[in-house]
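Notes for the structure review
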Amino acid sequence: VEIGDRAGQGRLHAVLGSALQSLGRHEEAEEHIRQSVVIAEEIKDLAGKARVLGVYGSLLSALKRPKEAREKLEQSIDVCQQIGDVAGEGRVNGILGTVLQSCKLYGESVTKQTRALYLAREVGDMSSMAKANFRLAMLSVLLDRPLQFDDLPDTQTTMTAEQLCQTSLDLFGQLRAELDPRNTDMRMSILEQEGCSLQLMQVILANQHCYVDAFHLADRSSIRMSMRVPRDSRPRKIKAVRSSRVVRLRGNGPKPSSHSKRAKGLDWNISSALPENTDDDLHRNSGGPPPHSALSSQSRHGLEDALQYHNESLTVARQHCDRVSEGRILAN
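Residues numbered from 1 in each chain as written. Predicted model: local features only at pLDDT ≥ 70, side-chain atom pairs only at ≥ 80, totals over all residues. Heavy atoms only, no water.

Below, the discussion takes up the packing of helix H5 (residues 86-102) against helix H7 (residues 126-143). Two numbers describe how H5 lies on H7: the axes approach to 11 Å, and their chain directions differ by 20°. For the element pair H5 / H7, the angle class is roughly parallel. Read as a crossing pair, H5 and H7 show a hand that is left-handed. Packed against H5, whose contacting residues are Arg91, Gly94, Ile95, Thr98 and Gln101, the element H7 presents Ser128, Arg135, Met138, Leu139 and Leu142 at the interface. Class assignment for the residues of the contact of H5 with H7 results in 4 nonpolar, 4 polar and 2 charged. (Axes fitted to C-alpha atoms, helices over the stretch in contact; angles between N-to-C directions. Helix = DSSP H or I, 4+ residues; strand = E, 2+ residues; numbered from the N terminus. Parallel < 35°, antiparallel > 145°, perpendicular 65-115°, else oblique. Left-handed = near helix turned anticlockwise from the far one by under 90°. Contact = heavy atoms within 4.5 Å. Nonpolar A, V, L, I, M, F, W, Y, C, P; charged D, E, K, R; others polar.)

Structural data, given as structure tokens:
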């Protein structure tokens, strides 16, 4: 302030806003992020304006103000297109897609996530590709139908939720394999996202009555989560809970089909499994720390250890008289 560095002030407002958002102090964060937007407009910093508008949109969504969030995110997309920031445009499209999903505008959400996937492919952003595939898989489950990709090159015209989720898992696995082992923060982030994809795949397989495969994925997802949560701070509960008969997501969206109604077993409440209204890359680019993702929130409220997964799987195996799965679970 003393030396009149407006650009520096804008960056510091963005950093402070992101830090406050990560602490859950959303109202204070909004004021700093708003100031950052004002300064970016004042000094005509279009790249900074695009980034901060994306952060602002995700914050407004966290504050349950989706209409305002959509407006800011669309403004961010417009600025990204104006300056030719393809990667940034893709990331913000992904965030906008999850905001639209939270409003149950599934068709529009599919359009935005497909656009995010296309742009991520164009720039070779494997992380964004994995996230987009995961989010599209979730939308396929919510819509209870495969998705059409007529305008997406090098992609099958129709893809099922299972195919999209498997693609996401493959990409996350490749990212993890290529990652520098010393980059622990990024490794934990990838493990978190991979665990979410595994949970979604459990839902998909259970809906297809592939219970043995679903049980094995339960172990894999618990391992992924235990790898990213420090042993001395692992909570004791998880939002993945048993239901009497139906396997579904969150309870919102269309009613379960007759096929899913017959899928007895686990109701995996993965809620907004990947960060639904935020994007770590946006916060890294703004200079501030990313806010806690949905799964991080679950981690704070509780993740069961692997034993609980075994007990749940064992119960369902016995309900279905699946002696083979029961033996495997007991052996583990």
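That shown, we press on.
We now examine the pattern of salt bridges. All chains considered together, the criterion is met by 12 salt bridges. Glu74 is paired through a salt bridge with Arg70; the nearest N and O atoms lie 3.1 Å apart. Of the two residues, Glu74 and Arg70 both sit in helix H4 (residues 66-83), 4 residues apart, roughly one turn of that helix. The exposure class of Arg70 is partly exposed, given its relative accessible area of 27%. Measuring nitrogen to oxygen at the nearest pair gives 2.7 Å for the salt bridge that ties Arg70 to Glu108. Within this pair, whereas Arg70 is found in helix H4, its partner Glu108 is found in helix H6 (residues 106-123), the two being separated by 38 residues in sequence. Taking the relative accessible area as the measure of exposure, Glu108 reaches 36% and is therefore partly exposed. (Salt bridge = Lys/Arg side-chain N within 4 Å of Asp/Glu carboxyl O. Buried < 20%, exposed > 50% of the residue type's maximum accessible area, 1.4 Å probe, protein only.)

Scope: geometric values only; no functional claims are made or implied.
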